[in-house]
Amino acid sequence: MRYLEQGENWKTRKLWEEAFPEDSKEFDDYYYRNKAERSRILAEEEEGEIISMVQLNPYRVQVRNREYELSYIVGVATRADRRHQGHMRRLLIKMLTDMRRERVPFTFLMPAAEAIYLPFGFRYIFSQPHLGWKKSATAAMEEGETALTREEIRLGQAFPRETAESQESPAPESAASQKSPAAGRNRLRETAARLAAWQQRFLAERYEVFTVRDEAYVLGLMEELASEDGTWTVFKDGDGEIAAMESWWGLKEREQRFLYALDGLTEEIRPASPAIMARITCLEEFLTSISLTPQASEEQLLVRLTVKDPLIPENDGEFLWKLDRSASEVQKTEGKGCLSEADICPRNGAAPDLDLALGIEDLAQWLFGFKKPEGLPEKAEWIRPLKGVFLDEVV
């Protein structure tokens, strides 16, 4: 078992294609050209061939007022003739242990099946909304009223799909782009930076946990969408300001990839569906983003927190957790079951205000604001979970 060197990541493509036959060749080409090269891949080998792997795609993630580089877990796969032999379990436990040592607060994934990841402490923290345009917005666009105008981002021209036909006869370019390809790239980067700035503001106003949008993020997303004949439409208001953006993709079956819009333009067309699971990997680092609510009766709260984590020993046991209105800090106590005077001394010898005992899974769902555990003491209402999670990445 080892992390592959950066130049070796291509060796996993054969296993990827076996494990995920639903992906198109065009998407796989994009993934191994763009994503896999930047991923950390933990793998097991036999006779030089990859038989099991976990791929860790890096994302910058905003967590309240902090920013982390976190791993989005994809490509969890074992060769068909080596399944049910403990390969995946060994890889996942090694990965989680390493993240704990590196003080990574959490990791996340989109499960093929929820049951696969439950034994490893992953739980849902984000449900994907399913939105459509309100009839009033659609009518205004169709009738050419003052509401919204469209701007199509030409993904196919910027990132032509590699097909046999395109290899034999390259897609025609405009005379301007043939004369100055550098100018075309600069325009694309300017467009990506503009779209990223809007997305970043849009998400920051609504959520406390989301992947950071910048020029590189949007350029990568554009290429990903183009791999499956994707579209990207920007909608502008009467003043020429961005009001919404929408994308569709899919070579065989078209599906909406995203719809971001200012309030009042969209509505829920069906209930949100659980989409992203997460796992706390370093408890102390994760809890630094949690604070007291403005309604808390005290300026500080001292919590005796007992956590059950059967896979990461450093997260398992008793902690002293001190919260104020802006953040918190936590330290593990010497022994389980009791706090020493030294542990309590920050409150001048006072006993903890609150005793909490939770599994690492329930703690995560509560503090990500997804699901509140039953039977919490009244003072636990003073603890402010993260407000809003939005993680809609596919790989």
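Details of the structure are given in the entry above.
These numbers come from a predicted model, not from an experiment.

What counts, and where the lines are drawn
Residues numbered from 1 in each chain as written. Predicted model: local features only at pLDDT ≥ 70, side-chain atom pairs only at ≥ 80, totals over all residues. Heavy atoms only, no water. Helix = DSSP H or I, 4+ residues; strand = E, 2+ residues; numbered from the N terminus. Contact = heavy atoms within 4.5 Å. Pairing = 2+ DSSP bridges. Axes fitted to C-alpha atoms, helices over the stretch in contact; angles between N-to-C directions. Buried < 20%, exposed > 50% of the residue type's maximum accessible area, 1.4 Å probe, protein only.

Q: Quick rundown of the environment of Arg 89? Include the residues and the values.
A: Secondary-structure assignment places Arg 89 in helix H3 (residues 87-101). Separated by 28 residues in sequence, Arg 89 and Tyr 117 have C-alpha atoms that sit 9.8 Å apart. Leave out the neighbours within four places in its chain, and Arg 89 touches Phe 120 and Leu 311.

Q: Describe the sheet that holds strand E16 (residues 328-332), naming the residues involved and giving the relevant values.
A: Across the sheet, which stays open at both edges, the four strands sit in the order E16-E15-E14-E17 with mixed pairing between neighbours. Unpaired on one side and paired on the other, E16 and strand E17 (354-359) mark the two borders of the sheet. Between one strand axis and the next, the sheet turns through 25° on average, direction left out of account. As paired strands, strand E14 (residues 301-308) and E17 are joined by six bridges and run parallel to one another. Paired with Val 307 across the strands is Leu 358, a residue of E17. Strands in contact with helix H13 (residues 360-367) are E14, strand E15 (317-323) and E17; relative to E17, the strand with the most contacts, it is inclined by about 110°.

Q: A description of H13 should follow, citing residues and the corresponding values.
A: Side chains of residues three or four places apart in an α-helix project in the same direction, reflecting 3.6 residues per turn. For H13, the buried fraction is high: seven of the eight residues fall into the buried class. Of all the positions in H13, only Ile 360, Glu 361, Leu 363, Ala 364, Gln 365, Trp 366 and Leu 367 are classed as buried. Where H13 ends, the next residue or the one after it, Gly 369, has phi of about 80°, a positive value.

Keep in mind that these numbers describe shape and distance, not what the molecule does.
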